[in-house]
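Topology and contacts: notes
What follows is each chain in one-letter form.
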Amino acid sequence: MTAHTFRTASEEETIELGRELSRSILPPRGLVLLTGNLGAGKTTLVKGIAEGRGAAAPEEVSSPTFTLIHEYGDPPRVYHVDLYRLEAARQAASLGLDELIDLDALVLIEWGERFPELWPPDRVEIEIRREGEDQRVIEVRSR
Ligand SMILES: Nc1ncnc2c1ncn2[C@@H]1O[C@H](COP(=O)(O)OP(=O)(O)OP(=O)(O)O)[C@@H](O)[C@H]1O
Ligand SMILES: [Mg+2]
């Protein structure tokens with residue numbers, strides 16, 4: 001297990017951190033679970049990661065709260081999933097996330113911790129904590 005801790009003080013700094021992570025410690029493909037409260041900055045970080053992967057500009061990345069899955073890049077290099085509104089693991093399981101995780105793409109999932117039984121152990125976890133109005137502590141853990 002390796003862990004890295006970062007701090008940001010604005011939305012723009014979190015986007016920049018996402019760009020840097022996408023070019024350094026994030027793997028080329030596979031599962032990334034993003035955890036943190038409502039408004040922590042999970043979607044904001046994805047904006048930078050998608051840009052760093054050359055998949056989308058930050059302003060093209062929006063929360064997949066209702067659509068559940070957004071894909072960026074052609075062919076898709078980044079999938080962004082939000083499971084906040086799902087009620088049961090059964091619904092999450094029917095989205096075909098297993099197949100996404102096997103693709104040659106990064107699969108970033110918000111609120112995945114609601115369904116811990118669904119995830120393979122081989123993954124990265126990014127936890128975002130609020131430490132004030134604009135301060136965030138961002139911890140990246142991987143096996
Ligand atoms: N340092 C920071 N990093 C990220 N966002 C910040 C920061 N400071 C303030 N913000 C604000 O916090 C909010 C983060 O929203 P965002 O949609 O990224 O959160 P989220 O974790 O995806 O929430 P949800 O669980 O509702 O999807 C934005 O309004 C952003 O402007
Ligand atoms: Mg979000």
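Before reading further, recall that the structure is shown in the block above.
Residues numbered from 1 in each chain as written. Chains lettered and ligands numbered in written order. Predicted model: local features only at pLDDT ≥ 70, side-chain atom pairs only at ≥ 80, totals over all residues. Heavy atoms only, no water.

1. Some remarks on the packing of helix H1 (residues 11–23) against helix H2 (residues 42–52)
Basically, it comes down to this: Between the N-to-C directions of two axes lies an angle of 0 to 180 degrees, each axis being a line fitted to C-alpha atoms and, for a helix, fitted only over the stretch in contact. Numbering of helices and strands runs from the N terminus, with a helix taken as a DSSP run of H or I at least four residues long and a strand as a DSSP run of E at least two residues long. Geometric relationships in this document are graded by angle, where less than 35 degrees denotes roughly parallel, more than 145 denotes roughly antiparallel, 65 to 115 denotes roughly perpendicular, and other angles denote oblique. Each helix crossing is assigned a hand: it is left-handed if the near helix lies turned anticlockwise from the far helix by less than a right angle, otherwise right-handed if that turn is clockwise. In what follows, residue pairs with any heavy atoms lying within 4.5 Å of each other are defined as contacts. The classification used treats Ala, Val, Leu, Ile, Met, Phe, Trp, Tyr, Cys and Pro as nonpolar, Asp, Glu, Lys and Arg as charged, and all other residues, Gly among them, as polar.
Their axes nearest at 7 Å, the elements H1 and H2 cross at an angle of 40°. Classified by the angle between their axes, H1 and H2 sit oblique to one another. Crossing of H1 against H2: the hand is right-handed. Here Glu11, Thr14, Ile15, Leu17, Gly18, Arg19, Leu21, Ser22 and Arg23 of H1 lie close against H2, whose contacting residues are Thr44, Leu45, Lys47, Gly48, Ile49, Glu51 and Gly52. Residues of the contact of H1 with H2, tallied by class, amount to five nonpolar, six polar and five charged.

2. Brief notes about the coordination of the magnesium ion (ligand 2)
Worth spelling out the cut-off: The rule for donors is simple: N, O or S, within 2.8 Å of the metal, or within 3.2 Å if the metal is Na, K or Ca. Water isn't counted, so a site may look like it is missing partners.
On the protein side, the magnesium ion (ligand 2) has Thr43 (OG1) and Glu110 (OE) as donor atoms, found 2.1 to 2.2 Å from it. Linking threonine 43 in helix H2 with glutamate 110 in strand E5 (residues 106–110), this pair joins segments that are 67 residues apart in sequence.

3. Some words on the packing of aromatic side chains
The criterion, for reference: The criterion for an aromatic pair is that two Phe, Tyr or Trp rings (for Trp, the six-membered ring) have centres within 6.5 Å, with stacked assigned to planes under 30 degrees apart, edge-to-face to planes over 60 apart and tilted to the rest.
With the rule as written, the count across this model stands at one aromatic pair. Judged by centre distance (5.0 Å) and plane angle (55°), the ring pair of tyrosine 84 and tryptophan 111 falls under tilted. Separated by 27 residues along the polypeptide, tyrosine 84 in the loop between strand E4 (78–82) and helix H3 (89–93) and tryptophan 111 in the loop between E5 and strand E6 (124–130) bring together distant segments of the chain.

Everything listed here is a matter of coordinates, which is why it stays silent on function.
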